[in-house]
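Structural description and commentary
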Amino acid sequence: MPNSLSHEMQRRPNWLQIVTNTVDQYDDPIHGVQKDAIQNGKDAIPSVGRKKDDTLKEDYVKKNWKFSFELKEIILRGEGTVRALIMTDFGTTGLMGERRVGDFGPDEEIPLDERWARFESYAMANEGGQTLGARGQGKFVFVWASNKKKIIYDTRTINGKYRVGYTTVNVGQSPVFAWDGEEGEKWIREECSLDPVHPDGTSGTRIIIVDPNEDLVSRVRSGLFLENIQETWWPFIRDFGACIEVIVDGVTSVATIPDLIKILQSNKDDVNIKHWNKDGLKFRFGQWTGKEYAIKEFRIASIGSGNLPDAYRGIAIFRGGMKIQAVQPLYGYEFESRIIGYVLLDPKGDEKLREVEKPSHYEFNNSGIWKKLEAIIKEEAKKFGVEKLG
């Protein structure tokens, strides 16, 4: 079996097919770039930033955590100047673990605490994982987004260790390379003309999509990428003061709460806007009488006489501070395209939703608590239509 001191390690030859199959699960894989990247960074918040029940501490996130996307040119040895999307998290554990993918057998489960090896490996379903990132599909989306099918990544862990690696996915072979410590810091400087990530000694991880495809570049430059972030992550931004930034040509834009969400939260009816507020609605789910859960926030509104942007139509369901999917409960009605809303569950319900969330983070399986919640959403939406919209 290879040992972790070897710079190059091989993976199974069908990695390119795995990338293709994974991305096929996404309606919009470019949207998935920001979603998977931020989710990975949020998942890697260390224990010092968490409460006893593993929920996040607002003060820690606000003061210590950040996620940055930067579109810029870098210089690679042998390739010259290339465009790159650089994704960096701050205040996280980093990619912990001493071992690498080649240290494990082809069918051996890699432990959750061996995060570096898991990043080098296949995405592996882990039903027992308590974190959003336990299934690890994001790396395939990042590889797909590169015209060269190449990503470079480096990390400085919470215990101070530095490691850098890269992979290029080809037909037939998709090796992974890695260097540790001072040797790794020398490699990133000489091969990429970049300083190692977090040279100040703080912890976190950086992933570089080399030569991102034109659709991704266009979305970042146009500002739509930032809008995707805001639509997906606004509860995390609002409740924890999370800082998520996009840097283009040296200009920094910071994600904020979307204006449509601010209108929805105002809860004030007028000629053009009708609201339905069911915050705190309780329901029971489970065998026999079931356990009691609460919908912490449940808002629906009809806004204006025109059509809402596609990203905000319907009632969005959030899990772990991240939008998973939207329900269109009033399909076929004249006012369908003007309906906006959202649902946030209490911590117990949020955890139950995790159990039925699909690995792509864009949909729930039609089972468990989701079936019950979807029925409640549709029922309340119909009441709203009858009582407020006529």
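The rules behind each value
- Residue indices follow the written sequence of each chain, beginning from 1 at its first position.
- Thresholds applied to this predicted model are a pLDDT of at least 70 for local features of residues and 80 or more for the giving and counting of side-chain atom pairs; totals over whole chains, interfaces and linings are not thresholded and use all residues.
- Hydrogens are left out, water is left out, and the side-chain values use all remaining heavy atoms of the structure.
- Counting from the N terminus, the helices are DSSP H or I runs at least four residues long and the strands are E runs at least two residues long.
- Using C-alpha atoms as the atom set, the radius of gyration is obtained and then compared with a globule rule of 2.2 Å times the number of residues to the power 0.38.
- Residue burial is assigned from relative accessible area. The probe radius is 1.4 Å, only protein chains are included, and a residue is buried under 20% of its type maximum, exposed over 50%, and partly exposed in between.
- Any two residues having at least one pair of non-hydrogen atoms within 4.5 Å are treated as being in contact.
- Only the protein chains shown count as covering a residue, and every accessible area follows the Shrake-Rupley method with a 1.4 Å probe.
- Charge assignment: positive for Lys and Arg, negative for Asp and Glu; neither His nor the chain ends contribute.
- Lys charges are placed at NZ, Arg charges at CZ, Asp charges at CG and Glu charges at CD.
- Two strands qualify as a pair provided that DSSP identifies no fewer than 2 bridges between them.
- Nonpolar core, defined: a set of buried Ala, Val, Leu, Ile, Met, Phe, Trp, Tyr and Cys residues in which side-chain atoms within 4.5 Å join the residues together.
- Stacked, tilted and edge-to-face are the three classes assigned to paired rings of Phe, Tyr and Trp, where Trp is represented by its six-membered ring and a pair needs centres within 6.5 Å; plane angles under 30 degrees give stacked, over 60 edge-to-face, the rest tilted.
- Only when the NZ of Lys or the CZ of Arg is both within 6 Å of the ring centre and within 35 degrees of the ring normal is a charge said to sit over the ring.
- In this analysis, the expected span of each helix is defined as 1.5 Å times one less than the number of residues it contains.
- Here the arc refers to the directions that run from the helix axis out to each C-beta atom.
- Orientation is described by lines fitted to C-alpha atoms, with helices fitted over the stretch in contact, and by angles between N-to-C directions that extend from 0 to 180 degrees.
- Here is the rule for angles: anything less than 35 degrees is roughly parallel, anything more than 145 is roughly antiparallel, 65 through 115 is roughly perpendicular, and the remaining ranges are oblique.
- Classification used: nonpolar for Ala, Val, Leu, Ile, Met, Phe, Trp, Tyr, Cys and Pro, charged for Asp, Glu, Lys and Arg, polar for all others including Gly.
- By convention in these notes, a salt bridge is any Lys or Arg side-chain nitrogen within 4 Å of a carboxyl oxygen on Asp or Glu.
- Along the chain, pLDDT gives the predictor's confidence residue by residue, from 0 to 100.

The next thing to look at is the overall build of the chain. Assigned secondary structure in the chain consists of eleven helices and 15 strands. For the chain, the C-alpha radius of gyration of 22 Å lies close to 21 Å, the compact-globule estimate for 390 residues. Projected onto the principal axes, the alpha-carbon positions of the chain cover approximately 70 × 50 × 40 Å. Residue burial in the chain is summarised as follows: out of 390 residues, 54% are buried. Taking the intrachain contacts of the chain between residues at least 6 apart in sequence as the baseline, contacts between residues at least 24 apart amount to 66%. With the model as given, the accessible surface of the chain reaches about 17,700 Å², and the carbon-plus-sulfur share is 49%. Separation of charge centres in the chain, based on 55 positive and 59 negative side chains, amounts to 4 Å.

Time to look at the pairing of strand β4 (residues 150-156). The element β4 is extensively covered by neighbouring structure, given that seven of its seven residues are classed as buried. By the alternation rule, side chains of β4 split into Lys150, Ile152, Asp154 and Arg156 and Ile151, Tyr153 and Thr155, which are all buried. Here six bridges tie β4 to strand β7 (residues 204-210), and the two strands are oriented antiparallel to one another. Note on β7: the bridge partner recorded for Ile151 is Ile209.

Moving on to the nonpolar core. Soluble globular proteins tend to pack their nonpolar side chains together in the buried interior. Core analysis: the biggest nonpolar cluster contains 75 residues, and Phe69 and Met87 have the highest contact counts within it. Top element by residues in this core is helix α11 (residues 368-389). It accounts for seven residues. Once residues within four sequence positions are removed from consideration, Phe69 is found in contact with Gln34, Ala37, Ile38, Leu85, Ile86, Met87, Phe225, Ile229, Ile244, Glu245, Val246 and Ile247. Judged by nonpolar contacts, the second largest core, of 18 residues, contains Val82, Val164, Tyr166 and Ile208.

The subject of this paragraph is the packing of aromatic side chains. Both the distance between ring centres and the angle between the ring planes are used here to describe each pair of aromatic rings. This structure, assessed with the given rule, holds 19 aromatic pairs. Between Tyr166 and Trp187, the ring centres sit 5.7 Å apart and the planes meet at 15°, which makes this aromatic pair stacked. Of this pair, Tyr166 sits in strand β5 (residues 162-168) while Trp187 sits in helix α6 (residues 181-192), and the two are 21 residues apart along the sequence. In terms of burial, Tyr166 and Trp187 fall into one category: buried. In textbook terms, an aromatic cluster arises when at least three aromatic residues are bridged by ring pairs, as seen for Trp65, Phe67, Phe69, Phe225, Trp233, Phe236 and Phe240. Above the face of the Phe236 ring, Lys42 is positioned so that its terminal group lies 5.6 Å from the ring centre.

Quick look at α6 now. Across its twelve residues, α6 extends 16 Å between first and last C-alpha, which sits within 8% of the 16 Å expected from 1.5 Å per residue. Along α6, the residues that are buried comprise Gly184, Glu185, Trp187, Ile188 and Cys192. The buried residues of α6 occupy an angular sector of 155° when projected down its axis, which confines them to one face. With respect to the buried face of α6, the exposed residues turned more than 90 degrees away are Glu182 and Lys186. Looking at the buried residues of α6, the elements they touch are β2 (66-76), β4, β5, β6 (176-180) and β7.

Attention now goes to the packing of helix α7 (residues 214-222) against helix α8 (residues 224-240). It is the contact of α7 with α8, at a shortest axis distance of 4 Å, that shows an interaxial angle of 80°. Taken together, α7 and α8 sit at an angle that is classed as roughly perpendicular. Residues Leu216, Arg219, Val220 and Ser222 of α7 lie in contact with α8, whose contacting residues are Leu224, Phe225 and Asn228. Its residues assigned to classes, the contact of α7 with α8 shows four nonpolar, two polar and one charged.

Our focus in this paragraph is the pattern of salt bridges. Any two side chains of opposite charge can pair, on the condition that their charged atoms come close. Evaluation of the coordinates by the stated rule reveals 33 salt bridges. The shortest N-O distance in the salt bridge between Glu185 and Arg156 comes to 3.2 Å. Here Glu185 is found in helix α6, whereas its partner Arg156 is found in strand β4, with 29 residues between them in sequence. Taking the shortest distance from any N to any O, the salt bridge between Lys358 and Glu363 comes out at 3.5 Å. Among the charged side chains, a salt-bridge network with shared partners connects Glu79, Lys148 and Lys150.

The buried fraction of strand β14 (residues 322-327) amounts to five of the six residues, a majority that puts the element mostly inside the structure. Here strand β13 (residues 314-319) runs beside β14; their pairing, made up of five bridges, is antiparallel. Residue Phe318 lies in a different strand from β14, and its bridge partner there is Lys323. Hairpin connection, β13 to β14: the antiparallel pair is bridged by two residues, and Gly320 has positive phi, about 65°.

Let's shift gears to the confidence of the model for the chain. Mean pLDDT over the chain: 89, with 92% of residues reaching 70 or higher. Low confidence marks residues 1-5, where pLDDT is under 50. Its contacts with residues over four positions away, or in another chain, come to 14 contacts. Across residues 123-135 the pLDDT falls below 50, and counting only partners more than four positions away or on other chains, this stretch makes 41 contacts in the model.

Turning our attention to the side chain of Arg299. Take Arg299: it is sitting in strand β12 (residues 291-303). When residues no more than four places from it in sequence are discounted, the contact partners of Arg299 are Leu264, Gln265, Asn267, Trp276, Asn277, Asp279, Ile340, Gly341 and Tyr342.

Looking now at helix α1 (residues 15-23). Along α1, the positions that sit buried rather than exposed are Trp15, Ile18, Val19, Thr22 and Val23. On an axial view of α1, the arc spanned by its buried residues comes to 125°, and they lie on one face. Those residues of α1 that are buried lie in contact with α2 (29-43), α4 (115-120) and α5 (138-144).

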